[in-house]
Amino acid sequence: MNNFTFWNPVRVHFGEGQIEKLKQEIPPGKKIMMLYGGGSIKNNGVYQQVVKALEGYSVVEFSGIEPNPHYETLMNGVEMARSEGVEYLLAVGGGSVIDGTKFVSVAIPFKGNDPWTILSEQAPTEEAIPFGTVLTLPATGSEMNMASVVTKAATKEKRGFMRPELYPQFSILDPTTTYSLPKTQIANGVVDAFVHTTEQYLTRPADAPLQDRFAESLLTTLIQEGPKALALPEDYAVRSNIMWCSTMALNGVIGAGVPQDWATHMIGHEITAEFGLAHGTTLAIVLPSTLRQMKSEKQAKLLQFAERVWNISEGTDSEKIDEAIDKTRGFFEAMGIKTKMSQYDIKPEAIDTMVERLEQKGFVALGENQSITLAKSRAIYEGCL
Ligand code: NZQ
Ligand code: ZN
């Protein structure tokens, strides 16, 4: 196992009715900005619960944060927060609202000329406005991690950044808030959590059996519970388990001390940037192709995945791995997600543009061994057609 420092300062309040804990979490007298998306929280009662819990505080609202949040939109939030003298941010929504709020929290006090450089050049941020979250979509793990992904719509650049200032102070996870999710969003969330796990597990052996077993338990739980969430939309136990899996998949626990891949994410981000596909959908398309392309480098862990996660015991090692990759694709499809670019009308000609964008960002040596060159990324896209 590699050396690591494990640190996660986020307080999580999990369970039905926990939104009322907002009062306990946000210091009295703080001027709050509540940030949310396109209005799902007004239709499912979450907005009303939050407003009630914030009675007595001075609150301004910033809405309209879109999926794959746009830098341009978020900068309007930054201006509003500055002019209103906001002291605390509250994100209410999915990964996009939380990631957007993270960016706003460091952009408000940013002293540099151009806040986009926080993403494009990883410009340092010394301060952040404190924030908490109310999660309504289990998927990204953003509620308990220090990452954020923002898109500049003008140039179709989707970029991420990570730093300790981006840990929320607290996150409220009430599984009943997810009952209103459309099936496609549930499916995208389950796939996202699944692929977060494989990015930290399907690499190379690292003498880390505990992290391996953690990862395998997340994967098998998602395989077991995911289809139930589609069939039984208001089953509290199912929604609870999916919510906690997706948080645990990307809060640092399973990745501590082990090699990490993330190529599927980087390659998938370009599909979102170019064609607007949901994040989880891009991962369902890309992961099977990445695993096939990297089969020999990842052989030992792929075999472990085949045997322990998919219970495959027959055949040669190579056959077992192929079957595990097929079963993984089958799982994504059983969740209702099409796994080929052609099914989204993405033509082979688009691959050139996406490979160029990877090159512009310097993503020319991806993966746990930095061995995914541009040529390999191209082959992965070709395997997605
Ligand atoms: O905007 P509203 O009206 O709220 O609707 C949203 C949105 O249209 C809707 N929704 C959310 N909760 C709902 C609901 N609809 C009904 N009932 C509810 N309870 O769902 C739609 C999608 O929401 P979004 O937040 O975009 O989805 P997700 O949570 O999957 O977030 C995706 C973003 O997170 C980034 C992705 O790249 C993408 O930009 N990621 C962030 C990561 C991180 N911070 O660690 C890691 C991930 O790998 C990922 O890259
Ligand atoms: Zn993801």
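No experiment lies behind these values; they were computed from the predicted model shown.

Caption draft 1: Local environment of the overall build of the protein. When helices and strands are counted, the protein shows 15 helices and 8 strands. The C-alpha atoms of the protein give a radius of gyration of 20 Å, which matches the 21 Å a tight globule of 385 residues would have. In terms of overall dimensions, the protein has C-alpha extents of about 65 × 45 × 45 Å along its principal axes. The buried share of the protein, taken over its 385 residues, is 58%. As displayed, the protein has an accessible area near 15,500 Å², and 51% of this comes from carbon and sulfur atoms. Of the side-chain charges in the protein, 35 are positive and 46 negative, and the distance between the mean point of each set is 1 Å.

Caption draft 2: Structural context of the site of ligand 1. In the vicinity of ligand 1 lie 32 residues, with Gly-38, Ser-40, Gly-95, Ser-96 and Lys-158 positioned nearest. At a separation of 2.9 Å, an oxygen atom of ligand 1 approaches a polar side-chain atom of Asn-145. Within the contact set of ligand 1, a nitrogen atom lies 2.9 Å away from a backbone nitrogen or oxygen of Thr-177. Notes on ligand 1: free accessible area 970 Å², of which the protein chains cover 89%. Within the shell around ligand 1, the residues separate by chemical class into 9 nonpolar, 20 polar and 3 charged. The two domains that each donate at least three residues to the shell around ligand 1 are domain 1 (11–177) and domain 2 (182–383).

Caption draft 3: View of the coordination of the zinc ion (ligand 2). With distances of 2.0 to 2.1 Å, the protein atoms coordinating the zinc ion (ligand 2) are Asp-192 (OD), His-196 (NE2), His-265 (NE2) and His-279 (NE2). Each donor residue of the zinc ion (ligand 2) lies on the same chain, and together they follow the pattern D-x3-H-x68-H-x13-H. Remark: His-196 and Asp-192 occur in helix H7 (residues 183–201); sequence separation between them is 4 residues, near one turn of the helix. Neither residue differs from the other here; Asp-192 and His-196 are each classed as buried.

Caption draft 4: Main features of the side chain of Thr-272. Examined against the element boundaries, Thr-272 turns out to sit in helix H10 (residues 263–275). Beyond its immediate sequence surroundings of up to four residues, Thr-272 is in contact with Asn-68, Lys-158, Leu-277, Ala-278, His-279 and Thr-282.

Caption draft 5: Molecular detail of a nonpolar patch on the surface. Nonpolar side chains collect at one region of the surface, where Met-1, Phe-4 and Phe-6 lie side by side and expose about 320 Å² of accessible area between them. By relative accessible area, which is 44% here, Phe-6 ends up partly exposed.

Caption draft 6: Structural context of the packing of H10 against helix H11 (residues 279–293). Look at H10 against H11: their axes get within 8 Å of each other, and the N-to-C directions meet at 130 degrees. The angle between H10 and H11 falls in the class oblique. For the crossing formed where H10 meets H11, the hand is right-handed. Residue-level inspection shows Thr-264, His-265, Ile-267, Gly-268, His-269, Ile-271 and Thr-272 of H10 in contact with H11, the latter providing His-279, Thr-282, Leu-283, Val-286, Leu-287 and Thr-290. In the contact of H10 with H11, the residues fall into 5 nonpolar, 8 polar and no charged.

Caption draft 7: Structural view of the domain arrangement of the protein. Splitting the protein by domain gives domain 1 (11–177) and domain 2 (182–383). With 24 residues of domain 1 in contact, the opposing surface of domain 2 contributes 23 residues. Here domain 1 packs against domain 2, burying approximately 2,000 Å² in sum over the two surfaces, 62% of which is carbon and sulfur. Three residues, Pro-138, Lys-156 and Lys-158, lead the burial of domain 1 against domain 2; their summed loss comes to 30% of the area buried on that side.

Conventions we followed
Residues numbered from 1 in each chain as written. Chains lettered and ligands numbered in written order. Predicted model: local features only at pLDDT ≥ 70, side-chain atom pairs only at ≥ 80, totals over all residues. Heavy atoms only, no water. Helix = DSSP H or I, 4+ residues; strand = E, 2+ residues; numbered from the N terminus. Rg over C-alpha atoms; globule rule 2.2 N^0.38 Å. Buried < 20%, exposed > 50% of the residue type's maximum accessible area, 1.4 Å probe, protein only. Areas by Shrake-Rupley, 256 points an atom, 1.4 Å probe, with all protein chains shown as cover. Lys, Arg positive; Asp, Glu negative; His and termini not counted. Charge placed at Lys NZ, Arg CZ, Asp CG, Glu CD. Near = heavy atom within 4 Å. Polar contact = N/O pair within 3.5 Å; in protein donor to acceptor, adjacent residues only side chain to side chain. Nonpolar A, V, L, I, M, F, W, Y, C, P; charged D, E, K, R; others polar. Domains from an automatic or database assignment. Donors = N, O, S within 2.8 Å, 3.2 Å for Na, K, Ca; no water. Contact = heavy atoms within 4.5 Å. Patch = residues over 30% accessible without salt bridge, like charges linked within 9 Å, V, L, I, M, F, W, Y side chains within 5 Å. Salt bridge = Lys/Arg side-chain N within 4 Å of Asp/Glu carboxyl O. Axes fitted to C-alpha atoms, helices over the stretch in contact; angles between N-to-C directions. Parallel < 35°, antiparallel > 145°, perpendicular 65-115°, else oblique. Left-handed = near helix turned anticlockwise from the far one by under 90°. Buried area = accessible area lost by both parts, 1.4 Å probe.

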